[in-house]
Amino acid sequence: MRQDGKYVYCIIGENDGRNFGATGIGGREDIVSTIGFKDISAVISNTPMTRYVISRENLTHHETVIETVMTEYTILPVRFCTIAESTEEIRTLLRKRYAEFKGLLRDMDNKIEMGVKAYWKEMPEVFQEIDRSDADVMALKKKLGEARGDTQVKGALGKAVEKALAVKKADEGWSLLNRLRRISVEVKAKEPQTDPMVCNLACLIDRTREREFDYVVEELADKYEGRYAFAYVGPAPPFHFVTIEIKA
């Protein structure tokens with residue numbers, strides 16, 4: 001029978017032999033514990049030497065363990081489905097990359113990630129603004145009327161509207177990003193996932209400024225009440241700012 005491996009969730013800046021309970025990934029209720037070297041540790045649980053499917057359930061389980069650890073420690077998230085063959089392999093990893101992990105732990109000390117998304121509330125109004133302000137869209141609409149439904153003109157008009165919408169998102173999203181950047185250590189703009197989504201931001205902040213960050217998001221929501229709907233999540237581990245990859 002093949003021996004279990006060690007599933008690695010994150011790296012922490014302590015070596016105090018912790019037990020985080022029977023919450024390991026895989027549904028076997030494996031104990032989540034630590035393996036240390038000097039003053040750092042890997043948070044691990046036993047697991048079969050198999051690859052986990054990238055599913056919502058498995059990703060959520062992986063992230064939940066990291067979030068639990070984050071309530072007590074500065075953490076460096078490790079990439080989903082990172083499995084070492086043995087305890088010794090993990091200690092060797094910690095030894096070889098000790099300086100790197102210590103530097104990253106200093107960078108992430110007392111840092112949390114906050115996610116902010118903004119959506120246009122009234123898309124018909126947004127498209128009307130594009131119709132009135134974008135020269136290419138106006139010209140193609142006029143041409144389409146004269147061409148009586150020409151399919152090539154229709155296609156060109158669709159692309160022009162798509163381009164104008166992207167420009168509008170960039171302009172309006174920049175204004176929101178710029179305000180949040182003032183109180184963040186770093187902000188990363190992710191690709192908007194839908195037409196109404198203006199921006200999709202991951203903000204790295206100092207934990208001591210969490211309430212201040214809340215106020216700024218509330219301020220933006222009040223200021224743009226008729227324009228945007230905001231979705232706001234956090235605090236979360238700094239997944240978008242550091243993720244440790246361990247190559248077999």
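The structure under discussion appears in the preceding block.
Residues numbered from 1 in each chain as written. Predicted model: local features only at pLDDT ≥ 70, side-chain atom pairs only at ≥ 80, totals over all residues. Heavy atoms only, no water.

It is worth spelling out the sheet that holds strand β8 (residues 197–206) at this point. Spatially, 4 strands are ordered β7-β8-β6-β9 in an open sheet, and the strand pairing comes out antiparallel. At either margin of the open sheet sits one strand with a lone partner, and together these are β7 (186–190) and β9 (228–236). Pairwise comparison of adjacent strand axes, ignoring direction, gives a mean angle of 20 degrees for this sheet. The pairing of strand β6 (residues 111–120) with β8 spans 9 bridges and is classified as antiparallel. Opposite Ile 112, over in β8, you have Ile 205 as the bridge partner. (Pairing = 2+ DSSP bridges. Helix = DSSP H or I, 4+ residues; strand = E, 2+ residues; numbered from the N terminus. Axes fitted to C-alpha atoms, helices over the stretch in contact; angles between N-to-C directions.)

Turning our attention to helix α2 (residues 87–96). Turning to α2, its buried residues are Ile 90, Leu 93 and Leu 94. Axial view of α2: buried residues confined to an arc of 95 degrees, hence all on one face. The inward-facing, buried residues of α2 abut β1 (5–12), β2 (33–37), β3 (40–47), β5 (83–84) and α3 (98–108). (Buried < 20%, exposed > 50% of the residue type's maximum accessible area, 1.4 Å probe, protein only. Arc of directions from axis to C-beta. Contact = heavy atoms within 4.5 Å.)

On to the state of the cysteines, then. Note: disulfide means a covalent bond formed between the sulfur atoms of two cysteine side chains. What the rule picks out here adds up to 0 disulfides. We note that Cys 10 lacks a disulfide partner, and the nearest cysteine sulfur, in Cys 81, lies 16 Å from it. Judged by relative accessible area, which is 0%, Cys 10 ranks as buried. You can see Cys 203 has no disulfide; the closest cysteine sulfur is in Cys 199, sitting 8.8 Å from it. Assessed through its relative accessible area of 0%, Cys 203 is described here as buried. (Disulfide = S-S within 2.5 Å.)

This paragraph deals with the packing of aromatic side chains. Counted by the stated rule, this structure contains 7 aromatic pairs. A ring pair is formed by Tyr 7 and Tyr 52, whose centres lie 5.7 Å apart and whose planes are at 80 degrees; its orientation type is edge-to-face. With a gap of 45 residues between them, Tyr 7 in strand β1 and Tyr 52 in the loop between β3 and α1 (56–70) connect regions that are remote in the sequence. The exposure classification of Tyr 7 matches that of Tyr 52, with both residues buried. An angle of 80 degrees between the planes, with centres 6.1 Å apart, marks the rings of Tyr 228 and Phe 230 as edge-to-face. Stacked on the ring of Tyr 98, the Lys or Arg Lys 38 has its end atom at 4.9 Å from the ring centre. A cation sits over an aromatic face here: Arg 211 above Tyr 215, 4.2 Å from the ring centre. (Phe/Tyr/Trp six-rings, centres within 6.5 Å; stacked < 30°, edge-to-face > 60°. Lys NZ or Arg CZ within 6 Å of the ring centre and 35° of its normal.)

Before going further, it helps to examine the side chain of Asp 214. Structurally, Asp 214 is set in helix α7 (residues 210–223). Taking relative accessible area as the criterion, Asp 214 reaches 14% and is therefore assigned buried. A polar contact is formed between the side chain of Asp 214 and the side chain of Tyr 232, at a distance of 2.3 Å. Not counting the four nearest positions on each side in its chain, Asp 214 is found in contact with Met 114 and Tyr 232. (Polar contact = N/O pair within 3.5 Å; in protein donor to acceptor, adjacent residues only side chain to side chain.)

A few words on the pattern of salt bridges. Two side chains bearing opposite charge may form a pair once their charged atoms approach each other closely. Evaluated as defined, the whole model comprises 15 salt bridges. Between Lys 168 and Glu 172 there is a salt bridge, with the nearest N and O atoms lying 3.8 Å from each other. Of the two residues, Lys 168 and Glu 172 are both situated in helix α6 (residues 151–181); the distance of 4 residues between them amounts to about one turn of the helix. Each member of the pair, Lys 168 as well as Glu 172, is classed as buried. One network of salt bridges, in which partners are shared, links Glu 125, Glu 129, Lys 168, Glu 172 and Arg 227. (Salt bridge = Lys/Arg side-chain N within 4 Å of Asp/Glu carboxyl O.)

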